[in-house]
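# Working through the structure, step by step
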Amino acid sequence: DARTAAMMLNAWLDLDPSSAHVPALVHRLNSFRSNGCWRTTQENAAALLALGKYVRRALAARQPLQAVAVWNGGTKTWAFDDTAMRRIEPDPAAGADVIISNAGPGTLFVAWHSSGVPANDSLPEGDHQLLVRRALLDQNGRALTTDTVAQGDLLVVRLTLDARSTPRNNVVIDDLLPAGFELENADLRTAETVPWIERQQALRADHLEQRDDRVIFFFDEVRGSNTYFYAVRAVTPGTYRQPPVRAECMYDPTVRSVHDAGQITVE
């Protein structure tokens, strides 16, 4: 829907920029945006092309404006015009209401940004046309029966990815490590290897990113149920949150799975 709205906006800007369809399509396209972007790279590209053309035409037809922002019934007041962008940073403790008015004749554009730390940091778990599961094993491939491990232990992470009945393309798995763990990078000479991992690997990553805090796997195509193994080491004593493992189709985020959040202790 976002891509279609962007293509229609592009066309109307060429055919009749003054049409009433133009602002309606701009509003419709913006309504599809979430957290500052659209769902996929294709939608982001189409939206930016269309909105970029809209902004260029709006700038060419710009007229002066005289605007005033009043925070909390007059506690703070800012007056501004069209000569420069104005950034307003009110004190949230002063109240939650702001009134912005414009005496024109130009058009005033307003953007609002808010950030903070959520009171509840849990990520809702669930499976939507895709299934991913994570399990911690010992070096012999046995599932751990406790959430406490010893400092220095080498563990094996087993990831199970199931595309259900429909083959999936461009799938990514994002597996964050607990803070007290480190990836055992098999490419290093000093790394300890687990020989049976390669033999039981049913899924081969087309691209792999090994970062300090996570491992990211990219697969061009996934069919049926598959497993992937890699090794981690418990390095720092403490009790840590274990973030959930996430999998999704990069170009269709509605196909996703989030699971297996928990807690683990290193002694």
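Keep in mind that this is a model prediction, so the values were computed, not measured. (Residues numbered from 1 in each chain as written. Predicted model: local features only at pLDDT ≥ 70, side-chain atom pairs only at ≥ 80, totals over all residues. Heavy atoms only, no water.)

### Let's talk about the packing of aromatic side chains
What the rule picks out here adds up to 3 aromatic pairs. Measuring from ring centre to ring centre gives 6.5 Å for Phe217 and Phe219, while their planes differ by 10°; the resulting arrangement is stacked. Residue class for Phe217 comes out buried when judged on its relative accessible area of 1%. On the accessibility criterion, Phe219 (2% relative accessible area) is buried. In textbook terms, an aromatic cluster arises when at least three aromatic residues are bridged by ring pairs, as seen for Phe217, Phe219, Tyr228 and Tyr230. (Phe/Tyr/Trp six-rings, centres within 6.5 Å; stacked < 30°, edge-to-face > 60°. Buried < 20%, exposed > 50% of the residue type's maximum accessible area, 1.4 Å probe, protein only.)

### What about the sheet that holds strand β2 (residues 76-81)?
Strand order in the open sheet formed by 3 strands is β2-β1-β3, with antiparallel pairing between adjacent strands. At either margin of the open sheet sits one strand with a lone partner, and together these are β2 and β3 (98-102). The sheet shows a mean angle of 15° between the axes of neighbouring strands, direction not considered. (Pairing = 2+ DSSP bridges. Helix = DSSP H or I, 4+ residues; strand = E, 2+ residues; numbered from the N terminus. Axes fitted to C-alpha atoms, helices over the stretch in contact; angles between N-to-C directions.)

### A look at the environment of Asn185
Mapping Asn185 onto the fold places it in the loop between β9 (181-183) and α4 (196-200). You can call Asn185 partly exposed: its relative accessible area is 22%. The spacing of Asn185 and Tyr230 is 45 residues in sequence and 8.9 Å in space, taken between C-alpha atoms.

### Quick word on the nonpolar core
Looking at soluble globular proteins, one finds that nonpolar side chains tend to be buried together. Ranked by size, the top nonpolar core spans 29 residues in total, and within it Leu159, Leu161, Ile173, Phe181, Phe217 and Tyr230 carry the most contacts. Those elements that provide at least two residues to this core are β5 (131-137), β7 (154-162), β8 (168-176), β9, β11 (214-222), β12 (225-234), β14 (245-249) and β16 (262-266). Beyond its immediate chain neighbours, meaning those up to four positions away, Leu159 contacts Arg133, Arg134, Ile173, Asp175, Phe217, Asn226, Thr227, Tyr228, Tyr230 and Val245. Counting 15 residues, the second-largest nonpolar core is a separate cluster that includes Ala6, Leu13, Ala50 and Tyr54. (Core = buried A, V, L, I, M, F, W, Y, C linked by side-chain atoms within 4.5 Å. Contact = heavy atoms within 4.5 Å.)

### So, the pattern of salt bridges
Tallied over the entire structure, the rule returns 13 salt bridges. Among the salt bridges present, the one from Asp14 reaches Lys53, with a minimum N-O distance of 3.2 Å. Taken as a pair, Asp14 in helix α1 (residues 2-15) and Lys53 in helix α3 (residues 41-60) lie far apart in primary sequence, 39 residues in all. Judged by its relative accessible area of 16%, Lys53 is buried. Between Asp252 and Arg39 there is a salt bridge, and its shortest N-O distance comes to 3.7 Å. Taken together, the residues span a long stretch of sequence, with Asp252 in strand β15 (residues 252-259) and Arg39 in the loop between α2 (21-31) and α3 at a distance of 213 residues. Each member of the salt-bridge network shares a partner with another, and the members are Asp174, Asp213, Arg214 and Arg246. (Salt bridge = Lys/Arg side-chain N within 4 Å of Asp/Glu carboxyl O.)

### A closer look at the side chain of Arg168
As for its position among the elements, Arg168 is in strand β8. The buried charged residue Arg168 lacks any salt bridge partner; its closest oppositely charged side chain belongs to Asp252, at an N-O distance of 5.7 Å. A polar atom in the side chain of Arg168 sits 3.3 Å from the side chain of Gln129. Here Arg168 is in contact with Gln129, Leu130, Ala163, Asp220, Glu221, Val222, Cys249 and Val255, once residues within four sequence places are set aside. (Lys, Arg positive; Asp, Glu negative; His and termini not counted. Polar contact = N/O pair within 3.5 Å; in protein donor to acceptor, adjacent residues only side chain to side chain.)

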